[in-house]
Amino acid sequence: MVLGLYKPTNGKVIYKGKDIFRMRRREWRKIRHKLQMIYQDPYESLNPRQKVFDIIAEPLRLNKLYSSKDEIYDKVMGVMESVKLVPPEDFMIRYPHELSGGQRQRVAIARAIVTEPDFIVADEPVSMLDASLRASILDLLLGFRDKLGVTYLYITHDLATARYVGDRMAIMYLGQIVESGQIDELIENPMHPYTQALISSIPVPDPEYTRKKKRIKLKGEPPTPINPPKGCRFHPRCPYKMDICEKEDPEEINVNNGHMVKCWLHIKK
Ligand code: SF4
């Protein structure tokens, strides 16, 4: 499976052909364990009063996925081993404050995958960890993608990690997707001025390349999303702004094989 996006169409979020916002409560209960979340902050996202075993077992109990305590025990211990909380007998009786940041995030990942989900929203899952731990946590997530077929929606400000883990990427500005497509295509051939500025700011560990590279510096600060600018939301900061940009919001168009851009520069008039 790929790491990517379920693209909402007309404000719907479709899971297996059904809009999850229109499901009846009973239908929603049946599928909610298939949709999980990993939060950014491993210090805040775990209940400090629960032991590691209970944190991981809770979704199994809540969703009534196993009938016996022995089954729950075996499942939790297996998942703890798979996220490298070993030996699990040692970690199962600890509280979150007795763990390092990396170990807490492994508990959060174990809690998300224990229900064998199809889809996980991972919100900046490594941004609060030391650089030395990031690669191992990302590799863990990719391992579950390959083994379990889980799809991630990976939210990040860090384009370098996005490229490491992603297949498709969507760039958001003020709450709107302004460009999306295959991740390599977007990074090699960015077409929206905001994406171009973001990509020009990625540090590259090559002094020769860095000297030649032209960094695009945007002027001003992003306006408030509560009261976004009329027309294209990026126009107050865009170096290519035209008259129409202030008046009309451009439609998203397909410029190349699923590479989608929302910018007047690419719309033929
Ligand atoms: S629509 Fe206009 S203002 Fe918006 S990004 Fe494109 S050129 Fe810039």
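Residues numbered from 1 in each chain as written. Predicted model: local features only at pLDDT ≥ 70, side-chain atom pairs only at ≥ 80, totals over all residues. Heavy atoms only, no water.

**Structural notes on the sheet that holds strand 7 (residues 176–182)**
The line we're drawing: Two strands are said to pair when DSSP picks up at least two bridges between them. A run of H or I in DSSP counts as a helix once it spans at least four residues, and a run of E counts as a strand once it spans at least two, with each numbered from the N terminus. Think of each axis as a best-fit line through the C-alpha atoms, taken over the contacting stretch in the case of a helix, with angles from 0 to 180 degrees between the N-to-C directions. Note on contacts: a residue pair qualifies if any of its non-hydrogen atoms lie within 4.5 Å across the two residues.
Sheet architecture is open: four strands sit in the order 6-7-9-8, paired in antiparallel fashion. Looking along the sheet, the strands with just one partner apiece sit at the ends: strand 6 (168–173) and strand 8 (253–256). Ignoring which end each strand starts from, the neighbouring axes of this sheet average 30 degrees apart. Strand contacts of helix 9 (residues 193–200): strand 6 and strand 7, with the helix running at about 105 degrees to strand 6, the strand carrying the most contacts.

**Structural notes on the site of the ligand**
To be explicit about the condition: Near is defined per residue: the residue qualifies when any heavy atom it owns lies within 4 Å of the molecule or strand. Following the grouping adopted for this structure description, the nonpolar residues are Ala, Val, Leu, Ile, Met, Phe, Trp, Tyr, Cys and Pro, the charged ones are Asp, Glu, Lys and Arg, and the polar ones are all others, Gly among them.
Taken together, His192, Pro193, Cys232, Phe234, His235, Cys238, Tyr240, Cys245, Cys263, Trp264 and Leu265 are the residues near the ligand. Its residues placed into classes, the shell around the ligand shows nine nonpolar, two polar and no charged.

**So, the packing of helix 2 (residues 52–62) against helix 5 (residues 101–113)**
In plain terms, the rule: Here roughly perpendicular refers to angles of 65 to 115 degrees, roughly parallel to angles under 35, roughly antiparallel to angles over 145, and oblique to all remaining angles. Note: crossing handedness is left-handed where the near helix turns anticlockwise from the far helix by less than a right angle, and right-handed where it turns clockwise.
Taken N-terminus to C-terminus, the directions of helix 2 and helix 5 make an angle of 25 degrees; their axes are 7 Å apart at the nearest point. It follows from the interaxial angle that helix 2 and helix 5 lie roughly parallel. The interaxial crossing formed by helix 2 with helix 5 has right-handed handedness. Between helix 2, through Val52, Ile55, Ile56 and Pro59, and helix 5, the contact on the second element is made entirely by Val107, Ala110 and Arg111. A class-by-class count of the residues in the contact of helix 2 with helix 5 yields six nonpolar, no polar and one charged.

**Some thoughts on the domain arrangement of the protein**
What counts is decided by this rule: Start and end points for every domain follow an automatic or database-based domain assignment. In this description, buried area is defined as the sum, over both parts, of the accessible area (probe of 1.4 Å) that is lost when the two are combined. What counts as a salt bridge is simple: a side-chain nitrogen of Lys or Arg found within 4 Å of a carboxyl oxygen of Asp or Glu.
By domain assignment, the protein separates into domain 1 (14–166) and domain 2 (171–266). Each of domain 1 and domain 2 has a C-alpha centre, and these two points are 32 Å apart. With four residues of domain 1 at the interface, the matching set in domain 2 holds eight residues. A buried area of about 530 Å², summed over both sides, lies between domain 1 and domain 2, and 72% of it is on carbon and sulfur atoms. When the buried area of domain 1 at its contact with domain 2 is split by residue, Leu159, Arg163 and Gly166 rank highest and sum to 90% of it. Viewed at the interface, domain 2 and domain 1 are joined by two salt bridges. Among the residues making up the side of domain 1 that touches domain 2, the classes are represented as two nonpolar, one polar and one charged.

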